[in-house]
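Each chain, letter by letter, is given below.
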Amino acid sequence: MRRVSFVELFKHPITQKYVKRSGMAHAISCAYHAFRLARIHGVDPDLACKAAFLHDIGHYTWYSNGNWDFELYKENDIHAIKGAERAHKLLIRLGEHPKRAKEIALAILLHTDSYLPEGELELSPLQKVVALADEADEEPNGDHHYKTISDEKAIQLLAKLDQLINNVQNEDRWQQSV
Ligand SMILES: [Fe+2]
């Protein structure tokens, strides 16, 4: 049984404020990419989808004179660090298991290396899936952050994702029992 559903996650004011700030449509697309990739890479789809859905929850708005200031962003951004912490707090508040909340937070922390000193990170399969899911939805000039979606459509897609994950978990449980 999953302790926290996507529909619950969506309705929380923290998600409404911060996931909407960086793009609800992007978050949902990434969660769906993560579901597909998790199946390919043999990763827990609930962890992958939650990390993908929340991966940009730590973004700050780096604007100057009404326009996105890429230089300011590049120099000062720590959205992966902030996002890992914010997502962790949110998941714990909603009742997620601390072990799972930690795994999700780590995947968010490592979904990008843009804020880290040069060098290669060695990612776990879960962390890799989340980074790939983000890349899969990326558009030139950061346009993926500006795609829009209605609340109604968002809830519909997230309820469907809950169902898909529940089905996979039930199948796995059934296979383990035979
Ligand atoms: Fe992203």
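Owing to the predicted nature of the structure, the values given are computational and were not obtained by experimental measurement.

Take the overall build of the protein next. Counting its secondary structure elements, the protein contains 9 helices and 2 strands. Each helix and strand of the protein, placed in order from N terminus to C terminus, yields the pattern α-α-α-α-β-β-α-α-α-α-α. Its C-alpha radius of gyration of 16 Å places the protein within 12% of the 16 Å reference for a compact globule of 178 residues. Taken along the three principal axes of its C-alpha coordinates, the protein extends 60 × 40 × 30 Å. The 178 residues of the protein split such that 39% are buried. For the protein, contacts bridging at least 24 residues in sequence account for 70% of all contacts bridging at least 6.

Attention now moves to the nonpolar core. One finds Ala31, Ala34, Ala48, Ala52, Ile108, Val129 and Val130 to be the most contacted residues of the largest nonpolar core, which totals 46 residues. When residues of this core are traced back to their parent elements, those giving at least two are α1 (6-11), α2 (13-22), α3 (24-41), α4 (45-54), α6 (79-94), α7 (98-109), α8 (125-136) and α9 (151-177). If one sorts the elements of this core by residue count, α3 sits on top with 10 residues. Setting aside residues no more than four positions away along its own chain, Ala48 makes contact with Ala34, Leu37, Ala38, Val43, Leu126, Val129 and Val130.

With that out of the way, let us pick up α9. Helix length check: α9, at 27 residues, gives a terminal C-alpha distance of 39 Å against a target of 39 Å (1.5 Å per residue), a fit within 8%. At its buried positions, α9 is contacted by α1, α3 and α4.

Here we take up the packing of α4 against α9. Between two packed helices, both the angle of their axes relative to each other and the distance between the axes serve to describe the pair. The interhelical angle for the contact between α4 and α9, taken along N-to-C directions, is 155°, at an axis separation of 10 Å. For the element pair α4 / α9, the angle class is roughly antiparallel. Facing α4, whose interface residues are Pro45, Asp46 and Cys49, α9 presents Leu161, Ile165 and Val168. Grouping the amino acids of the contact of α4 with α9 by side-chain chemistry returns 5 nonpolar, no polar and 1 charged.

With respect to the helices and strands, Val4 occurs in the segment before α1. For Val4 and Leu91, which are 87 residues apart along the polypeptide, the C-alpha to C-alpha distance reads 7.7 Å.

Below, the discussion takes up unusual backbone geometry. Unlike most non-glycine residues, Asn65 shows phi in positive territory, near 50°. In this fold, Asn65 is placed in the loop between β1 (63-64) and β2 (67-68).

Our focus in this paragraph is the packing of α4 against α7. Following both chains from N to C, one finds α4 and α7 inclined at 50°, their axes separated by 9 Å at the closest point. Between α4 and α7, the angle is such that the two are oblique. Two packed elements cross with a definite hand, and for α4 against α7 that hand is right-handed. Of α7, the residues touching α4 (which contributes Leu47, Lys50, Ala51 and Leu54) are Arg100, Glu103, Ile104, Ala107 and Ile108.

Right, let's talk about α4 for a bit. Within α4, 10 of the 10 residues are buried, which leaves it mostly tucked inside the rest of the structure. Three or more residues of α4 are buried, namely Pro45, Asp46, Leu47, Ala48, Cys49, Lys50, Ala51, Ala52, Phe53 and Leu54.

Right, let's get into the environment of Tyr18. Note on placement: Tyr18 falls in helix α2. The spatial distance from the C-alpha of Tyr18 to the C-alpha of Arg86 is 9.3 Å, given a sequence separation of 68 residues. Ignoring anything within four residues of it in the chain, the contact list for Tyr18 reads Ile57 and Arg86.

Cut-offs applied
Residues numbered from 1 in each chain as written. Predicted model: local features only at pLDDT ≥ 70, side-chain atom pairs only at ≥ 80, totals over all residues. Helix = DSSP H or I, 4+ residues; strand = E, 2+ residues; numbered from the N terminus. Rg over C-alpha atoms; globule rule 2.2 N^0.38 Å. Buried ≥ 20, exposed ≤ 12 C-beta atoms within 10 Å, placed from the backbone. Contact = placed C-beta atoms within 7 Å. Core = buried A, V, L, I, M, F, W, Y, C linked by C-beta atoms within 7 Å. Expected span 1.5 Å × (residues − 1). Axes fitted to C-alpha atoms, helices over the stretch in contact; angles between N-to-C directions. Parallel < 35°, antiparallel > 145°, perpendicular 65-115°, else oblique. Nonpolar A, V, L, I, M, F, W, Y, C, P; charged D, E, K, R; others polar. Left-handed = near helix turned anticlockwise from the far one by under 90°.

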